[in-house]
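Structural description and commentary
Here is how the chains run, residue by residue.
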Amino acid sequence: MADLLGDPLAAYLRARRDHGDVVRFRAGPPGLRREIYGVFSAEGIQQVLATEAANFRKDNAIYEELRHGLGNGLLTSQDERYRRQRRLIQPLFTRRRVEGYATAVTSEAAALAARWRETPGGADGAVELVEEMRGYALRVVGRVLFGSDVEQTIEVVRDSLPMLNERARARALSPVKLPRDWPTPANRRAARAQAGLYALCDAIISRRMAARERDVHEHAPGPVSEGGPVPEGGPGPEDGAAEDLLTLLIGAHNAEDGSLTRAELRDQVLVFFLAGHDTTATALTFALHLLARHPAEQRRVHEELDRALPDGRTPTAADLDALPRLTMVLKEAMRLFPPSPAVSRLAVAETVIGGRRIPAGAAVLVSQWVAHRHPAYWEDPERFDPERFTPQAEADRPRYAYFPFGGGPRACIGQHFSTLHSVLSLATLLRAYEVEDATDGGDIPLGAGITLLTKGPVRVRVRSRA
């Protein structure tokens, strides 16, 4: 247990190395001990997430805590509730819809680049990437979700969401949980944070729904659903217009599933904030960190950007296909530093994985951190090498040797948005700057929570290319 709590990433790697691709961990103090089965091969991971996904449910402690803190959105819901939400929301994440958010990404990235020029010491100053990328990604996701209402959300979300995230992780790992309604300092802080987030989201949702109701009654009277009145047919033509996501969520409707209720709207917003900003911030942080430590690779990226974006023009969604090297760098950064280092499930029925029996009711963990370093799939796995993600190399690997966005029926609905956000952000920043490592050259201290945790600064020095 001490290994799992103190350095779980190292413990997972050591367990696979010493004991194989299916490992039983025993965790907890005497009398409260529990068993966790780690599954580390691509084939075993595919069983858990895809081919036998119905047998591995989100009924464990971490999802229970997330449901209590952030509601029952796509990340945490199950069964028909999840399927209904997915049917309503999936049409809002088509490629054309997502590409409509490119301007929000590049305008925020350009503002960040301009701010770096104005920092004390000029463009040669050192930047701490963890907080910079977290704040930047939060602004982008807030703007995509709330549009013009973004400014009033940022401070509340920035202060409250990380605390509720950490609270869920700590309670999930604790063998003894105090009742949530006991007036302990931690419970009071969590209650205040949750109340602030809920009040903020509810106020914006109510204002938007009232405006939508007025608009529908004035221009196209029609049926009123629990999620707000909508014209039959749902959110309207898919014309790529960059309506903010909350507007689209309010309008999401079909004959089978109706519309999202106010509570469901709030739950989706909170989950999108959690899943949409922290993971992308991690990917951006480590892509820049790795390029700073590998100047030859950075030169290749700059050469590609100069070819694809002549005269320093702003990148667009149409440029993604012209930036394969940058995309390969991003994928390799997410291999070495997966934003989600592990995924947990609960086995419903007994099954066999890799020749090992997994009993019914067992906690099961699959780990991107381990699979992305598995020597069966990756030569010299700790080495930074974007060539691992040429089309041919990707085609030659098992599907679940690399799964930063999960997989199977619960694969991340925002995968394309995350890729668009990350590549366009990197393109905008690297078009303007070179980055140079400003750490001591050692390993960055890391931990594992719901997402990958960075326990120390990740510093780069930025130098203008102009």
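Please read these numbers as outputs of a predicted model, since none were measured by experiment.

Comments concerning the sheet that holds strand β1 (residues 22–27)
Taken in spatial order, the five strands make up an open sheet running β1-β2-β10-β7-β3, and their pairing is mixed. Taken across any chain shown, the strands that pair with only one partner, and hence form the sheet edges, are β1 and β3 (56–57). Here six bridges tie β1 to strand β2 (residues 34–39), and the two strands are oriented antiparallel to one another. For R26, the partnering residue across the bridge sits in β2 and is E35. Along the sheet, helix α2 (residues 8–19) makes contact with β1 and β10 (363–366), crossing β1 at roughly 130°.

A look at the side chain of N187
One can find N187 in helix α10 (residues 185–219). With relative accessibility at 6%, the residue N187 sits in the buried group. Side-chain polar atoms of N187 contact the backbone oxygen of W182, separated by 2.8 Å. Residues in contact with N187, not counting those within four places in the same chain, are R167, P179, R180, D181 and W182.

Observations regarding the side chain of R167
With respect to the helices, strands and loops of the structure, R167 is situated in helix α9 (residues 150–173). For the buried R167, no salt bridge exists, and the shortest N-O distance to an oppositely charged side chain is 6.3 Å, to E65. Setting aside its immediate chain neighbours within four residues, R167 contacts A186, N187 and A190.

Quick notes on unusual backbone geometry
You will see that D79, though not glycine, has its phi angle at about 55°, which is positive. Structurally, the position occupied by D79 is in helix α5 (residues 79–89). You can call D79 partly exposed: its relative accessible area is 39%. Even without a glycine there, the phi angle at D380 is positive, about 45°. Tracing the backbone through its elements, the reader meets D380 in the loop between α15 (368–371) and α16 (391–396). Here D380 falls in the partly exposed class, since its relative accessible area comes to 42%.

Side note on helix α3 (residues 42–51)
Residues spaced three or four apart along an α-helix point in a common direction, a consequence of the helix completing one turn every 3.6 residues. What α3 keeps buried is the set A42, G44, I45, Q47, V48 and L49. Against β2, β3, β7 (343–347), β8 (351–353), β10 and α15 lie the buried residues of α3.

A few points about the packing of helix α7 (residues 102–118) against helix α8 (residues 129–146)
Contact pair α7 / α8: the axes reach a minimum separation of 9 Å and the direction vectors enclose 150°. The element α7 and its partner α8 pack so that their crossing is right-handed. Facing A104, V105, S107, E108, A109, L112, R115 and W116 of α7, the residues of α8 in contact are E132, M133, Y136, R139, V140, R143 and V144. Per-class residue counts for the contact of α7 with α8 are nine nonpolar, one polar and five charged.

Reading guide: rules and limits
- Residues numbered from 1 in each chain as written.
- Predicted model: local features only at pLDDT ≥ 70, side-chain atom pairs only at ≥ 80, totals over all residues.
- Heavy atoms only, no water.
- Pairing = 2+ DSSP bridges.
- Helix = DSSP H or I, 4+ residues; strand = E, 2+ residues; numbered from the N terminus.
- Contact = heavy atoms within 4.5 Å.
- Axes fitted to C-alpha atoms, helices over the stretch in contact; angles between N-to-C directions.
- Buried < 20%, exposed > 50% of the residue type's maximum accessible area, 1.4 Å probe, protein only.
- Polar contact = N/O pair within 3.5 Å; in protein donor to acceptor, adjacent residues only side chain to side chain.
- Lys, Arg positive; Asp, Glu negative; His and termini not counted.
- Salt bridge = Lys/Arg side-chain N within 4 Å of Asp/Glu carboxyl O.
- Left-handed = near helix turned anticlockwise from the far one by under 90°.
- Nonpolar A, V, L, I, M, F, W, Y, C, P; charged D, E, K, R; others polar.

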